[in-house]
Amino acid sequence: MHTVLQYIALGLGARYVLAYPSWIAKTDKAGQHPDGGTPSYHRDAGVLKYVNPKIGTYGLSPDDNGGMIPSVSVPFGMTRWTPQTRENYISQVPYHDADGFIHGFQATHQPAIWMGELGQVLLTPGWTSQVKPLFEQRAFAFRKEDEVSTPYAYEVILDADTDGEHDWDLTEEASGGGPVPGGAGSASDEVRNGANGRTRKRSVTVGNFTRQVQVAMSASAHTSHLRFDFQASESQPEESVQPYVSIQITRQNWTGQVQIDPEKREISGSNPQRQEYRLGPDKAESFRGYFVSRFSEPFASYGASLGGNISEGSTSASGELLSAYVKFHHDTSRVQVRTGVSFVSIEQARKNLDVESPESMSFEDTVESAKSAWLEKLGRVTIEGVNETDEEHDPRTIWYTGLFHALQYPSDFSEPTSNDTNCARTFYSGYTDSVHEGNDSYYQSWSIWDTYRAEHSLLTIFAPERVNSMMRSLLQIFDWSGRLPMWANLVETNIMIATNADAVLANAISHGFRSFDMQKAWQAVRKDAFEPPHNDTGLLYYDREPDTSYEARAGLTSYMDHGWVANDGWSESASRTLDYAFDDAACAVVARAAGETSAAAALSERAKNYKTIWNGETQFMQARNGNGTWANESWGWTEGDKWAYTFDVLHDADGLAGLFDGGRRGMKARLDAHFGGGHNMHSNEPSHHIPYLYSLIGHPAAAAETVRGIAWDDYNATSAGLSGNEDLGQMSAWYVFSALGFYPVNPASDEYVVGSPFFEKVTLRLPAGAATGGEAEAAGGGERTLVIEAPGAVAKPYVTGLSIDGKPVDRPVLRHGNIMGAEVITFEMSEAPTTWGEDGEL
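The structure presented is a predicted model; accordingly, all values stated were derived computationally and were not measured. (Residues numbered from 1 in each chain as written. Predicted model: local features only at pLDDT ≥ 70, side-chain atom pairs only at ≥ 80, totals over all residues. Heavy atoms only, no water.)

### With respect to helix α12 (residues 518-530)
So the rule is basically this: Runs of H or I in DSSP of at least four residues are treated as helices and runs of E of at least two as strands, each being numbered from the N terminus. Each helix should span, by expectation, one fewer than its residue count multiplied by 1.5 Å. Throughout this description, buried means an accessible area under 20% of the type-specific maximum (1.4 Å probe, protein chains only), exposed means over 50%, and partly exposed covers the range between. The directions from the helix axis to the C-beta atoms form the arc being described. Contacts are assigned to residue pairs that have any heavy atoms within 4.5 Å of one another.
Look at α12: 18 Å from first C-alpha to last across 13 residues, which is about the 18 Å you get at 1.5 Å a residue. All of the buried residues in α12 are Met518, Ala521, Trp522, Ala524, Val525, Asp528 and Ala529. Seen end-on, α12 carries its buried residues on one side only, within an arc spanning 165°. On its buried face, α12 is in contact with α10 (464-481), α11 (501-510), α13 (556-562), α14 (573-593) and α15 (597-606).

Following this line, the structure appears as structure tokens:
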């Protein structure tokens, strides 16, 4: 870890600059039109020039890969479009920055690297005499310097003369479906040992291209627009060599359908694949991902294939490894393809095309629409006074890309019914296995064990217009299933632990959002808090245990009896105990908002159950068995260990400090040992709040040092720029908040804890409704401007004073309402540690 003096030295070259990083300058080459001009759509990109969608696309293993892709869509879009360099499955996403071949351009609904794909479709150009439908056959070599990745468009040049077969080892078939086929895992040795051996308690180098395909891709929420330019540096190839586009509908073991309509220049079909089908109780048996692709040029010929068996002239087909293709006349130089995607029907996919990508809309129009959607969000923030370090650590690129990542989730699965922006929405629900229609969006992709920590607080600031609708989606899922989601993709998967949707609802309430049914919210969290899951005493509920009911708070039976989850009865017992205590605190917030004051008081008292697994002798949290004895200190943890989880008390830092010998001094010493001994794993979420605990126990200067160290060590502006999985915005949300100078340690509350702002001045043009719970029409609900200033912050990491609109703040805590209502938040910064905030009342 770097010393504070090193960070100060790194900041000495700071100045107010707004410059293009070199990676965006590559548009001058790769973004050229065939006539040599630079596309106009890269102009007026504003702050999007700082976004590098390739951050988080590299890693040596799934755990140290950010799990991101250089995707194109709009904020919260249902479908993201990405170049495919490998077939994705659970533990592998469709793009890796180390790969040397592109195999097509994929509509993906895989929200995270440890979640599965569903209903995907893939388009690949070709320029050969024979169609190449298989993954390993359709490989195109490309040069990294020819890639241009922005939030609104992706561009690349492909070598049309790439020979041979490549990358079969990167297919889903070669992997056997990945490490967890169908999403199902097995009980770990640790879990087996902790439960006395039971799993059930009852019974390439590339030269110059002579022929190339120049690809440009943009997208909306439910459609894509692909442009393929077929270019030859010499004379055109013989007539038997024709440009074509192949569409892969399904992979092995999944039966899809396809139809080809030459008169309409249209290919349509469906794909039922859902990779985590073994997880959770809802089977979504009629699920299909539907698509309609429309082509700009007439078909010269067409056909379908099953595996490598091509049937020319076929207009329909059904089966596994299903593809369709269309060839164009040999002198065709440009083909444009618009593809609509739907989870409702082929007719709805066609409607999505008509609404979002009509024939009258040029490729440039599509790009401008996507660009405008992202500028409406990211363009609200202006950053000045930055650490002018090397290109690979430009904090503006890290920050704006972080916000770009965070505003992709959760995904809005609803689809338009007309061109009217206020039209009814339709969507497929896997819970009911049917199609619904209503006047609200429907959000899915809920990685709540990750995102409850900071991602949802971020959304209340940067996307307040969506928060109430998101809460209504959670409650809609409760209506259908009888439970709030834990990790829901299309349906519940039971991945991870605890009922942290309780905290997401409490977060919205604490931040002033109330446009959802408060009584239903209380009904939902009350069930989480007091009703154990089905067969609670008969299942271990280990991670990815297949074919189980809704996990909810597995081990709640023990938790209510003993105050802790017994390690000899349930997996991940110590982490569950700590998370359930926090979730009790969150439930108390919801209860209070629903007028249930006595229940709120009881839950607040039960939220102290974290103390039941404190081992005063070792000064660590530790799992316990049903009879009260201590379990092995390495057992009972979820993606962490005793070091991280000893600090996993987000809602009661002072109560935690009181457990240590010496109180706050003892906790400070253990925090020092945690960070100084290399125990902090910022690559995983349980560590995210820990550096801010320094501030809450009277040591803000230590928090400042530690936060800046983590920001430098665990984030950068390269494809390896995330030290761990992005996890639907949480990794980035940590950086976005930390750079502003505060972080939501207790996301069930309205408080943010002060760390150390990275920039000298940030101007935020807050969206309408940010200060009024998402209600733009309410009094005071219009747009407002907030300035966060920290003169000298680049070279001065320590806070020596803080004020809101000139009123001093003497403790390292800010409240959401005060931030949203402020005009100027001023940090006074120092090069040396200060005593500010040490004695402030907490």
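### With respect to the confidence of the model for the protein chain
Short version of the rule: Confidence of the predictor at the level of single residues is given by pLDDT, which spans 0 to 100.
When pLDDT is averaged along the protein chain, the result is 92, and 92% of the positions lie at 70 or above. For residues 1-35, every residue scores under 50 in pLDDT, and the model assigns this stretch 90 contacts once sequence neighbours within four places are set aside.

### Observations regarding the environment of Pro125
Position of Pro125 among the secondary structure elements: in strand β4 (residues 121-128). A relative accessible area of 2% places Pro125 in the buried class. Among residues more than four places away in sequence, those in contact with Pro125 are Phe105, Phe140, Leu158, Val213, Phe228, Phe230, Tyr244 and Val245.

### Quick word on α14
The terminal C-alpha atoms of α14 lie 30 Å apart, and with 21 residues this matches the ideal 30 Å at 1.5 Å per residue to within 8%. The element α14 is largely enclosed, with a buried count of 19 among its 21 residues.

### Concerning the packing of helix α7 (residues 395-406) against helix α9 (residues 455-462)
Where we set the bar: As a rule, the C-alpha atoms of each element are fitted with a line to give its axis, helices using only the stretch in contact, and angles between N-to-C directions run from 0 to 180 degrees. Each angle is binned into one of four classes, with values under 35 degrees roughly parallel, values over 145 roughly antiparallel, values of 65 to 115 roughly perpendicular, and all other values oblique. Three categories are distinguished: nonpolar for Ala, Val, Leu, Ile, Met, Phe, Trp, Tyr, Cys and Pro, charged for Asp, Glu, Lys and Arg, and polar for the others, with Gly belonging to the last.
The interhelical angle for the contact between α7 and α9, taken along N-to-C directions, is 95°, at an axis separation of 11 Å. By the angle between their directions, the pair α7 and α9 is classed as roughly perpendicular. Here Trp399, Leu403 and Ala406 of α7 lie close against α9, whose contacting residues are Glu455, Leu458, Leu459 and Phe462. The residue makeup of the contact of α7 with α9, split by class, is 6 nonpolar, no polar and 1 charged.

### Concerning the packing of aromatic side chains
The cut-off we apply is this: Two rings from Phe, Tyr or Trp (for Trp, the six-membered ring) form a pair when their centres sit within 6.5 Å of each other. Planes less than 30 degrees apart are called stacked, planes more than 60 degrees apart edge-to-face, and all others tilted. Only Lys NZ and Arg CZ are tested; either one counts as a charge over a ring when it is within 6 Å of the ring centre and within 35 degrees of the ring normal.
Applying the stated rule across the entire model yields 34 aromatic pairs. Aromatic rings pair up to connect Tyr50, Trp399, Tyr400 and Phe462 into one cluster. Taking the ring centre of Phe209 as reference, the NZ or CZ of Arg143 above it sits at 4.1 Å. Above the plane of the ring of Trp127 lies Arg211, whose end atom (NZ or CZ) is 4.6 Å from the centre.

### With respect to the side chain of Asp714
To be explicit about the condition: None of His or the chain ends enter the tally, which takes Lys and Arg as positive and Asp and Glu as negative. The term salt bridge refers to a pairing of a side-chain nitrogen on Lys or Arg with a carboxyl oxygen on Asp or Glu at a separation within 4 Å. Pairs of N or O atoms within 3.5 Å make up the polar contacts considered here, provided that, within protein, one atom can donate a hydrogen while the other can accept it, and that residues adjacent in sequence are counted only when both atoms are side-chain atoms.
If you trace the backbone, Asp714 turns up in helix α20 (residues 700-714). Of the side chains bearing the opposite charge, Arg708 lies closest to the buried Asp714, which forms no salt bridge; the N-O distance is 14 Å. In this structure the side chain of Asp714 is engaged in a polar contact, spanning 2.9 Å, whose partner is the side chain of Ser723. If we skip the residues at most four places from it in the chain, Asp714 touches His682, Ser683, Gly721, Leu722 and Ser723.

### A look at the sheet that holds strand β29 (residues 742-743)
Sheet strands pair by backbone hydrogen bonding; their relative direction is either parallel or antiparallel. Formally: Pairing between strands is defined by DSSP: at least two bridges between the two strands are required.
Strand order in this open sheet of 3 strands is β29-β30-β35, and the pairing throughout is antiparallel. Only two strands of the sheet have a single partner each, and these edge strands are β29 and β35 (813-815).

### Quick word on the pattern of salt bridges
Tallying each qualifying case throughout the model produces 39 salt bridges. For the salt bridge of Asp394 with Arg396, the shortest nitrogen-to-oxygen distance reads 2.8 Å. Salt bridges sharing common partners tie together Lys54, Asp97, Lys144 and Glu147.

### Things to note about the sheet that holds strand β17 (residues 322-327)
Read across the open sheet, the 7 strands follow the order β1-β3-β4-β10-β17-β14-β15; overall the sheet is antiparallel. At either margin of the open sheet sits one strand with a lone partner, and together these are β1 (80-84) and β15 (309-312). With direction set aside, neighbouring strand axes in the sheet form an average angle of 20°.

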